[in-house]
Amino acid sequence: MTTTAGGTVRVNGGPRRRQNPNSGQARAGVFFATPYLLLLTGFALIPAVYTVYLAFMSPTGGFAGFDTFVQVFNDYRFLRAFANLGLYALLFLIPTMIISIGLAVLLQSRAPRVAATFRTLYYLPHAVVGVAGVLLWMFLLTPRISPIGGFLEWMGFSGFYDIVRPDSPASLAALFALIAVWTSGQGILLMFAALSSVPEEVEEAAAIDGANGWQVFWHIKLPILRKWIAYLLIISVASATQLFAEPQLMVAVTNGAVGNNFSPLQLAYTYAYQYGNFPGAAAISLVLLVIGLAAAALVVRTTGLFKIEI
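Residues numbered from 1 in each chain as written. Predicted model: local features only at pLDDT ≥ 70, side-chain atom pairs only at ≥ 80, totals over all residues. Heavy atoms only, no water.

**Regarding the overall build of the protein**
Of regular secondary structure, the protein possesses 14 helices and three strands. For a compact globule of 310 residues, the expected C-alpha radius of gyration is about 19 Å, and the protein comes in at 26 Å, more than 25% above that figure. Along the longest, intermediate and shortest principal axes, the C-alpha atoms of the protein span 85 × 65 × 35 Å. Evaluated residue by residue, the protein yields a buried proportion of 37% over its 310 residues. A sequence separation of at least 24 residues applies to 61% of the contacts in the protein between residues at least 6 apart. About 18700 Å² of surface is accessible on the protein, with carbon and sulfur atoms providing 67% of the total. Measuring between centres, the 17 positive side-chain charges of the protein sit 17 Å from its 12 negative side-chain charges. (Helix = DSSP H or I, 4+ residues; strand = E, 2+ residues; numbered from the N terminus. Rg over C-alpha atoms; globule rule 2.2 N^0.38 Å. Buried < 20%, exposed > 50% of the residue type's maximum accessible area, 1.4 Å probe, protein only. Contact = heavy atoms within 4.5 Å. Areas by Shrake-Rupley, 256 points an atom, 1.4 Å probe, with all protein chains shown as cover. Lys, Arg positive; Asp, Glu negative; His and termini not counted. Charge placed at Lys NZ, Arg CZ, Asp CG, Glu CD.)

Structure, rendered in structure tokens:
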């Protein structure tokens, strides 16, 4: 067997066969992607397909068509739970987008070492999510033990329930949104990475032409960030629809004063584990999925996220 120029191999004087230099990389890609695909299939795709099947079944067995959905829609808690989710999403998404973009722009104008330090600090709260985040904020908002207790008492608050009222969905939604915004450091990092792709020559040329900082941001940086903003918005909406751990913990610490059906996922949990109505829980999950997909499709269509610019 001899090898000639250009990677052509002659085997025992027979016909020539050209080696593919990328075949090793392809095999390595398949090797590393296969475990992920197996886990994705076993723990995401198959459960999703089963959920769709279950949503059209009766709790007692047999095909029920859309009867389960009708039952869920007629539940007096259904619209209330989705209204709470909508208020939470509104209070969470708007500050998250503004803070992520604003802090990323400010970081870009700082020295690399300073920017790296603050990127780390902004991301650290992301490690304190879910139950830990609720406990931390309950500690901070309890004047008697909070490090900012003096300020809270000066504001006229004597206890945690003076600030967050369990009987007020708006107050609870604001608390959960505060926790979510506080842990949204990944959005800042995403926007900062996108801004790093802006060539310095473009900004210098704009400055020479007399553009101020706001004009540079509005006409140069923001168009570049558009697709990244769309991506951040999609994953933020998906995150908002998964509100469960925070209100569920509040149910425990308030001895049920909050109510265990604040969010749609809590209502699905009630259907599944209190009533044994798993098709009803599956139907609520499908409604959440449809809302998330519709929001993502709207963002993609509006922003042209997957549009190829030539």
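**Description of the packing of helix α11 (residues 213-240) against helix α14 (residues 278-303)**
Packing of α11 against α14 leaves a shortest axis separation of 9 Å and a crossing angle of 175°. In terms of axis orientation, α11 runs roughly antiparallel to α14. In contact with R226, A230, L233, I234 and V237 of α11, α14 contributes A295, A296, V299, V300 and T303. Here the residues of the contact of α11 with α14 sort into eight nonpolar, one polar and one charged. (Axes fitted to C-alpha atoms, helices over the stretch in contact; angles between N-to-C directions. Parallel < 35°, antiparallel > 145°, perpendicular 65-115°, else oblique. Nonpolar A, V, L, I, M, F, W, Y, C, P; charged D, E, K, R; others polar.)

**Here's the deal with the side chain of T183**
In this fold, T183 is placed in the loop between α8 (169-182) and α9 (185-195). A distance of 3.1 Å separates the side chain of T183 from the backbone oxygen of A180, its partner in a polar contact. Apart from the residues lying within four places of it in its own chain, the contact partners of T183 are P125, H126, V128 and V129. (Polar contact = N/O pair within 3.5 Å; in protein donor to acceptor, adjacent residues only side chain to side chain.)

**Re the packing of α9 against α11**
The interhelical angle for the contact between α9 and α11, taken along N-to-C directions, is 145°, at an axis separation of 9 Å. Here α9 runs over α11; the crossing is right-handed. Here G187, L190, M191, A194 and L195 of α9 come into contact with α11, specifically with K221, I224, L225, W228, I229, Y231 and L232. Its residues placed into classes, the contact of α9 with α11 shows ten nonpolar, one polar and one charged. (Left-handed = near helix turned anticlockwise from the far one by under 90°.)

**Focus on the nonpolar core**
If you look at the biggest cluster of nonpolar residues, it comprises 44 residues, and the most contacted ones within it are Y88, F92, F160, L172, L175, F176 and M250. Apart from residues no more than four positions distant in its own chain, F92 is found in contact with A177, A180, V181, S236 and A240. Among the nonpolar cores identified, the runner-up in size contains 16 residues, and M97, I101, A194 and I229 belong to it. (Core = buried A, V, L, I, M, F, W, Y, C linked by side-chain atoms within 4.5 Å.)

**Concerning α9**
Of all eleven residues making up α9, eight are buried, and the element is well covered by its neighbours. Looking at α9, one finds that the buried residues are G185, G187, I188, L190, M191, F192, A194 and L195. Against the buried residues of α9 lie α3 (76-108), α4 (112-123) and α11.

**A look at a nonpolar patch on the surface**
Together, V114, F118, L121 and L124 make up an exposed nonpolar region whose accessible area comes to about 340 Å². Note that L121 resides in helix α4. (Patch = residues over 30% accessible without salt bridge, like charges linked within 9 Å, V, L, I, M, F, W, Y side chains within 5 Å. Salt bridge = Lys/Arg side-chain N within 4 Å of Asp/Glu carboxyl O.)

**Things to note about the pattern of salt bridges**
Tallied over the full model, the rule gives one salt bridge. Taking the shortest distance from any N to any O, the salt bridge between R77 and D75 comes out at 2.7 Å. Accessibility assignment for this pair places R77 and D75 in one class, buried.

**What to know about the packing of aromatic side chains**
Summed over all chains, the structure comprises 20 aromatic pairs. Centre to centre, the rings of F69 and F73 are 6.4 Å apart; their planes meet at 55°, and the pair counts as tilted. With F69 and F73 both in helix α2 (residues 67-73) and four residues apart, the pair spans about one turn of that helix. Relative accessible area serves as the criterion here: at 10%, F69 is assigned to the buried category. The partly exposed category is assigned to F73, whose relative accessible area is 43%. Measuring from centroid to centroid gives 5.5 Å for F160 and Y161, while their planes differ by 70°, and the two rings are edge-to-face. Residue Y161 is classed as partly exposed on the basis of its relative accessible area of 39%. Through a chain of ring-to-ring contacts, three or more aromatic side chains come together here, namely F56, F66, F69, F73, F78 and F82. (Phe/Tyr/Trp six-rings, centres within 6.5 Å; stacked < 30°, edge-to-face > 60°.)

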